[in-house]
Amino acid sequence: MTNMKPFTILIVEDSPIQMEMLRRTLVSEGFDVLRAINGKEGLSETLKSLPDIIISDISMPEMDGYHMCYEIKHSETIKNIPVILFTQFSDPEDIIKGLVSGADNFVVKPYSNTHLLGIVRKLLAERSIKSSVDPNSGIAVTIEGKNYSIHSDRRQILNLLLSTYESAVKRNSDLTTAHLELKAFNETLEKKVVERTNELMTSELRYKALLESASDGILIADIETGLIRYGNQVICAMLGYTSEELLTMYIDQLHKKEDVQYSLSNYYAQVLGQKTAAHNIPCIRKDGKIIYADFNSTRTTIDDKVCTLSFVRDVTDRVDTEKRLSKLHIEIKSAQKDLSDFSYVMSHDLKTPLRAIVTLADWIETDYFEKTEEGKEKLAMLVGRVRRIHDLIEGILKYSSVGQKREEKTPVDINQLISEVITIINPTGAVKITVAENMPTVVCEKSRIEEVFLSLLSNAVKYNDKPIPLINITYEDDGFFWKFGVRDNGKGIEEKYFKKIFQIFQTLKNKDELESIGVGLSLAQKIIELHGGRIWVESTINVGTTVYFTLTKEA
């Protein structure tokens, strides 16, 4: 079997995309493809490579397709190479120029690959036919005042006219089809317009009903002029105007003169997307009363007019409450300061006579130590009561100062802090305290958390009834918190007292039986809550008690 050499086709096209699309089409059909980017380069490539057929665009820089075709058809060596020109056929002059240049066929853009390949194969099949027309003689043609000399043979003229007719028929068919489709589309569109109009009318009625049933006031105003275009019944009741009165007013008339600039700047900041809402905006009712409202506004279009759509909520009660709370807060701060000042003055004034009583008791005990046992007991009782009063005053001062004076939070090594607390309470040799390893570092007020551990460890030692008191300090990671625990092996606490032990001045034993003022756990609770944590107790009678508390991991 003999392998035939594939036909070579030269593409002359200045558009890289159109060039590549055509090249891929031809290569997929088994043709060899040469390329040139303008008429001048195409003519040079034709003389050098002698392709079997040339496909060229018309509009190109340096030398257009007509000029290149004309030069090819007037060259003895290459005049028989078929030339196909791409055209838009937007002007009858295109046909004449094609005939003058000697083009073998036209392909109208946009084209189908099937149509183009059919023309290519037809021209290749006819390429052996030689022209019998003398290229130096031609037919003179005048169109629109311009003279042309056509040197194409009858076959070329017939091919061009047939391709023109074919294109015209195709376009007419396309136009007829398009006309029918457009007619059907118009009928469908008219039907849809009627349906849509009915839907819009229904939607408008629903929209109005929705606006009227809203719990918030709704206000629509022209964004350029500020003229109010709609207000529902809620906004009318809120401002004391009828719907008709509102539609004659402008947005700025809803505010007192001194509030207009502030109110409108907040209002339009929402419309421009600079704010999501405006709160506590003062508005003036028809009767002159000032109310406060929250505005949530956005853009909308009403009858081709850009408007603002605002949802308005009356928050006068909230603003009044906030004002009262603010005033109350100022009063409370003032009262707290007075209480704090009083506490320190009371502390100083009470401690002075108490120190004098203790001193006098010590002197009496020293001077009359040998007198009677009864005197010794009464003196000891006197000193104990004075010291209890002293401790009570100190406890009150500590409790009242928590939250009043906050110290800076710093990273605190809990291992080190517990070691310092154990040194302070100085437990007897019988007491055994174990501490979990690798205690965390917590950002907190060091002296306050030291007070918590001091209170819990002191209680664990003081209220333990075992010969060998065992105290275990633990911790665990509890998500966003560190959870600490102080466990003892004492006699335990009944569940009914779990809340009582955290109340100030409350103790489970008679104060004469065991010296205690009942401030420690209430103080610890206040400190932990101020640090964002919580404190609680778990206990089993005759087994022991564990007091847990949490501290946040974040400062």
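(A) Seen up close, the nonpolar core. With 34 residues, the main nonpolar core has Ile 414, Phe 453, Phe 484 and Phe 549 as its most contacted residues. The dominant element in this core, judged by the number of residues it contributes, is helix H13 (residues 446-462), at six residues. When near neighbours in sequence (up to four residues on either side) are disregarded, Phe 549 contacts Val 452, Phe 453, Leu 456, Trp 482, Lys 483, Phe 484, Ile 528, Arg 534, Ile 535 and Trp 536. Judged by nonpolar contacts, the second largest core, of 22 residues, contains Ile 235, Tyr 241, Leu 264 and Val 312.

(B) Highlighting the packing of aromatic side chains. Under the definition given, this model contains six aromatic pairs. Each ring, one from Phe 453 and one from Phe 549, has its centre 5.3 Å from the other, and the planes form 75 degrees; the classification is edge-to-face. Pair noted here: Phe 453 is in helix H13 and Phe 549 is in strand E19 (residues 544-552), with a separation of 96 residues, a long-range link. Its relative accessible area of 0% is what places Phe 453 among the buried residues. Taking the relative accessible area as the measure of exposure, Phe 549 reaches 0% and is therefore buried. Look at Phe 484 and Phe 549: their rings are 5.4 Å apart centre to centre, the planes differ by 25 degrees, and that puts the pair in the stacked class. Note that Phe 484 is positioned in strand E17 (residues 481-488) and Phe 549 in strand E19, a separation of 65 residues in sequence. Across the pair, Phe 549 and Phe 484 agree in class, each one buried. Taken together, the ring pairs connect Phe 453, Phe 484 and Phe 549 into an aromatic cluster.

(C) Quick look at helix H5 (residues 113-126). Look at H5: 20 Å from first C-alpha to last across 14 residues, which is about the 20 Å you get at 1.5 Å a residue. Every buried residue of H5 is accounted for by Leu 116, Leu 117, Ile 119, Val 120, Leu 123, Leu 124 and Glu 126.

(D) Seen up close, the confidence of the model for the protein. Overall, the prediction assigns the protein a mean pLDDT of 78, with 70% of residues at 70 or greater. Taken as a whole, residues 130-136 scores under 50 in pLDDT and shows seven contacts with residues more than four places along the chain or in a different chain. With pLDDT under 50 throughout, residues 141-145 is counted as low confidence; its partners more than four residues away or in other chains account for nine contacts.

About the thresholds
Residues numbered from 1 in each chain as written. Predicted model: local features only at pLDDT ≥ 70, side-chain atom pairs only at ≥ 80, totals over all residues. Heavy atoms only, no water. Core = buried A, V, L, I, M, F, W, Y, C linked by side-chain atoms within 4.5 Å. Buried < 20%, exposed > 50% of the residue type's maximum accessible area, 1.4 Å probe, protein only. Helix = DSSP H or I, 4+ residues; strand = E, 2+ residues; numbered from the N terminus. Contact = heavy atoms within 4.5 Å. Phe/Tyr/Trp six-rings, centres within 6.5 Å; stacked < 30°, edge-to-face > 60°. Expected span 1.5 Å × (residues − 1). pLDDT = per-residue confidence, 0-100.

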